[in-house]
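Topology and contacts: notes
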Amino acid sequence: MLNKELFDSTIAFYVDLERLGNKEAKTVLDLLKQMQKDLLAGIATDRTERQLQESQAVIKRYYKDIADSSQSVADGVSTASANETAKALATATGQQFTAGLLPTNEVLKQVASDAIIEGAVQKDWWSKQAINTAFAFQGQVRQGIVNGENLSQIVDRVNGVMMTSRRNAEILVRTSISTVANNARIETYKANEDLIKGYEWVASLDFKTCLECGNRDNKQWTMDGKGINTDIPYTTAPLHFGCRCTMIAVLKSPEELGIDLPALPARTRSSIEGTIEDTSFASWLKRQPPKNIEEVLGKGRAELWLSGKVTFEQLFKGGTALTLEELLNKYAN
């Protein structure tokens, strides 16, 4: 079981991160809206082809500003996450011995700059988005011209391109913040490894949580990545773009630490239905109305699970959701 103080402190910090994500997403979206205005102003002239050639530089400049701003935010998030984690560790262990050590500044700076998001660092993702936006923008404008469309129709094409760009940018902002915060938290746990048995995956208890993340909820691994209560291979949160999961340390027991503390209180968790007692994603989901369960699992999986033909863990293979066909072949008989 996770320490209640450590759990509550971590969740409270991630609520603040959500607020930060909202603020930074707005900043990025405002920049992209201004970029769109600049690009559309060029289309309205009789120098369209020249403006198209120049649009790549305009887009590159805006995205560089966004990348620089995002890196500054990442630096702050890395430091803040480490400080919050260290303070929470010290509180959770009753400050009866040395706890709450921080990673070095060099480590935290590296966390902010080198955090991997689905195979690439934040800076490279912004560069890729700039390239994709420029390619799509130029292509849609040229296609509109070839089709003999009027300015209003071409503007509609550009609006579609920018809608996609804004959506991708917002997801990247939020996922970058979450990734850096989680990585800084893990590095702080490593700096205090004499207090810690391992990590537990904590997923959000709502219907936006994907199956893979829901299956990882409550699963624990040692600090060197060996499963404690699971066979799922270890990976740290976030698992994917838009993931809202986090990793929280599993502290050694008072006996293991050699100190005299009262029994740890049961933890509570935040969910869409308010604060509830210690649970898992699977047990929380099973208490929901059948139609909501079908939204998450799909009708076929939900029927197999609710009928008791399969356990929640049997819906997965190596942490990845099985297809309905695979489930039926393996468990329906």
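Residues numbered from 1 in each chain as written. Predicted model: local features only at pLDDT ≥ 70, side-chain atom pairs only at ≥ 80, totals over all residues. Heavy atoms only, no water.

Regarding the sheet that holds strand 5 (residues 246-251)
If you walk across this open sheet you meet the 3 strands as 4-3-5, and the pairing is antiparallel. A single partner strand is all that each edge strand has here, and the edge strands are strand 4 (220-222) and strand 5. Averaged over all neighbouring strand pairs, the angle between strand axes comes to 30°, with direction disregarded. Relative to strand 5, strand 3 (residues 196-202) runs antiparallel, the two sharing 6 bridges. Following the sheet pairing, Glu200 is matched in strand 5 by Ile248. Its contacts with the sheet put helix 5 (residues 151-191) on strand 3 and strand 5, and the angle it makes with strand 5 is roughly 15°. (Pairing = 2+ DSSP bridges. Helix = DSSP H or I, 4+ residues; strand = E, 2+ residues; numbered from the N terminus. Axes fitted to C-alpha atoms, helices over the stretch in contact; angles between N-to-C directions. Contact = heavy atoms within 4.5 Å.)

Digging into the packing of aromatic side chains
As enumerated under the stated definition, the model contains 9 aromatic pairs in all. Aromatic pair Tyr63 and Trp126: ring centres 6.3 Å apart, planes at 45°, arrangement tilted. A residue pair is termed long-range when its members are at least 10 positions apart, and Tyr63 in helix 2 (residues 48-92) and Trp126 in helix 4 (residues 122-146) qualify at 63 residues. Ring plane angle 65° and centroid distance 5.8 Å describe the contact between Trp221 and Tyr234, whose orientation is recorded as edge-to-face. On the criterion of sequence distance, the pair formed by Trp221 in strand 4 and Tyr234 in the loop between strand 4 and strand 5 is long-range, its members being 13 residues apart. For Tyr234, a relative accessible area of 29% puts it in the partly exposed group. Members of the aromatic cluster, joined through ring pairs, are Tyr189, Tyr199, Trp201, Trp221 and Tyr234. (Phe/Tyr/Trp six-rings, centres within 6.5 Å; stacked < 30°, edge-to-face > 60°. Buried < 20%, exposed > 50% of the residue type's maximum accessible area, 1.4 Å probe, protein only.)

Considerations on the side chain of Thr230
With respect to the secondary-structure elements, Thr230 resides in the loop between strand 4 and strand 5. By relative accessible area, which is 12% here, Thr230 ends up buried. Not counting residues within four places of it along the chain, the set of residues in contact with Thr230 comprises Lys219, Gln220 and Trp221.

Thoughts on unusual backbone geometry
Cis geometry is found at the peptide bond from Ala237 to Pro238, where omega equals -5°. Within the secondary structure, Pro238 is located in the loop between strand 4 and strand 5. Of note, the phi angle at Glu118 is positive, near 45°, even though the residue is not glycine. By the secondary structure assignment, Glu118 is in the loop between strand 1 (116-117) and strand 2 (120-121). Unusually for a residue other than glycine, Asn218 sits at a positive phi of about 75°. Among the structural elements, Asn218 can be located in the loop between helix 6 (211-216) and strand 4. A residue is classified by how much of its surface remains accessible, and Asn218, at 18% relative accessible area, is buried.

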